[in-house]
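Architecture at a glance
Here is what each chain is made of, one letter per residue.
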Amino acid sequence: MPLLRPGARGRLLRRGSVAGVVVIGLYVLLFYSIAFYAAVTHANPEPDFLAFYTGATIARDGDFPHLYDEATQLAIEQELVPGREVLQPYLNPPLYAVLLSPLAGLSPKVAYSVAVVASLLLLCGGAILLWHLLRRADVNRRGCALFIGGFLLTPALWHGLWETQTSVPILAAVLLSLFIAPRQPLWAGVLLTALVIKP
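A few points on the structure.

Conventions and cut-offs
Residue positions within a chain follow its written sequence, with the count starting from 1. The model is predicted, so local features are restricted to residues of pLDDT at least 70 and side-chain atom pairs to those at 80 or more, both for listing and for counting; the totals for chains, interfaces and linings are taken over all residues. Side-chain measures here rest on the full set of heavy atoms in the structure, leaving out hydrogens and waters. Whenever Lys or Arg places a side-chain nitrogen within 4 Å of a carboxyl oxygen from Asp or Glu, that contact is recorded as a salt bridge. To obtain an axis, a line is fitted to C-alpha atoms, over the contacting stretch when the element is a helix, and the angle between two such axes runs from 0 to 180 degrees between their N-to-C directions. Runs of E in the DSSP output that reach at least two residues are strands. Runs of H or I that reach at least four are helices, and both are numbered from the N terminus. Here is the rule for angles: anything less than 35 degrees is roughly parallel, anything more than 145 is roughly antiparallel, 65 through 115 is roughly perpendicular, and the remaining ranges are oblique. Two helices cross in a left-handed way if the nearer one is turned anticlockwise from the farther one by less than a right angle. They cross in a right-handed way if the turn is clockwise. Any two residues whose heavy atoms approach within 4.5 Å at even a single point are treated as in contact. Polar here means any residue outside two lists: the nonpolar Ala, Val, Leu, Ile, Met, Phe, Trp, Tyr, Cys and Pro, and the charged Asp, Glu, Lys and Arg; Gly therefore counts as polar. Burial classes follow relative accessibility: with a 1.4 Å probe on protein chains only, a residue under 20% of its type's maximum area counts as buried, one over 50% as exposed, and anything between as partly exposed. Under the pairing criterion, centres of Phe, Tyr and Trp rings, with the six-membered ring standing for Trp, must be within 6.5 Å; the plane angle then separates stacked pairs below 30 degrees from edge-to-face pairs above 60, leaving the rest tilted. Here a polar contact means two N or O atoms within 3.5 Å. Within protein one must be a hydrogen donor candidate and the other an acceptor candidate, and residues neighboring in sequence count only if both atoms are side-chain atoms.

**Some thoughts on the pattern of salt bridges**
- A full pass over the atoms with the stated rule returns two salt bridges.
- The shortest N-O distance in the salt bridge between aspartate 61 and arginine 60 comes to 3.2 Å.

**Examining the packing of helix 5 (residues 108–136) against helix 8 (residues 167–180)**
- Two elements in contact, helix 5 and helix 8, have axes whose closest approach is 9 Å; the angle formed by their N-to-C orientations is 30°. As far as their axial angle goes, helix 8 and helix 5 are roughly parallel. Considering how the two elements wind past one another, helix 5 and helix 8 form a crossing that is left-handed. Contact residues: helix 5 offers Ser119, Leu122, Leu123, Gly126, Leu129, Leu130, His132, Leu133 and Arg136, while helix 8 offers Val168, Pro169, Leu171, Ala172, Leu175, Leu176, Leu178 and Phe179.
- Here the residues of the contact of helix 5 with helix 8 are counted per class, giving 13 nonpolar, three polar and one charged.

**Quick word on unusual backbone geometry**
- For aspartate 138, which is not a glycine, the phi torsion comes out positive at approximately 65°.
- Here aspartate 138 shows up in the loop between helix 5 and helix 6 (141–152).
- Note on aspartate 138: relative accessible area 70%, which makes it exposed.
- Of note, threonine 164 is a non-glycine position whose phi angle comes to about 55°, a positive value.

**Some words on the packing of aromatic side chains**
- Enumeration over the complete set of coordinates arrives at four aromatic pairs.
- Aromatic ring contacts, followed pair by pair, group Phe49, Tyr53 and Tyr112 into a single cluster.

**Thoughts on the environment of asparagine 92**
- As for its position among the elements, asparagine 92 is in the loop between helix 3 (70–80) and helix 4 (94–100).
- In this structure, the C-alpha to C-alpha distance between asparagine 92 and valine 196, residues 104 residues apart in sequence, is 8.6 Å.
- Of note is the side chain of asparagine 92, whose polar atom sits 2.5 Å from the backbone oxygen of isoleucine 197.

Below you can see the structure in the form of structure tokens.
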């Protein structure tokens, strides 16, 4: 004889899936609350953001001939982090430096906080898009919640957020492209050009 009747087994599975969604949701909330707190209290920008801020500063000054000049980049980074001897080079395309150039008008700490918060917002938007894409593929709501929660807790995504890496805006652009592709294939293709911001 089965240990549980079919009805009881179904109720147990439903409760288990709900509990799983709640636990993952709490972990996501905790992790990203920590990220927000760290962003607004961090003393120095992370290495990747330091490189982005350096490129943004050069773009703001219009000094594009020296955008990839190591001496120019190191001089800027040494102003931002006194005593720094190792260069964290800016290697992304000039367009990305131009897009980031408004951040160069802020202090590095404030600019880093803005960048992390912007990444958080992009991730929230990406999660919403991913939900709709999964529902479009006939995944049930609990499955969507578990998948998205697990996805948001992946170390690679957490690292990309903390370092303000280009992976976050690229992810958001790709998800939006997939979302609009059935009705707006041309604009979906345009969004995929976000991939060019990778060096």
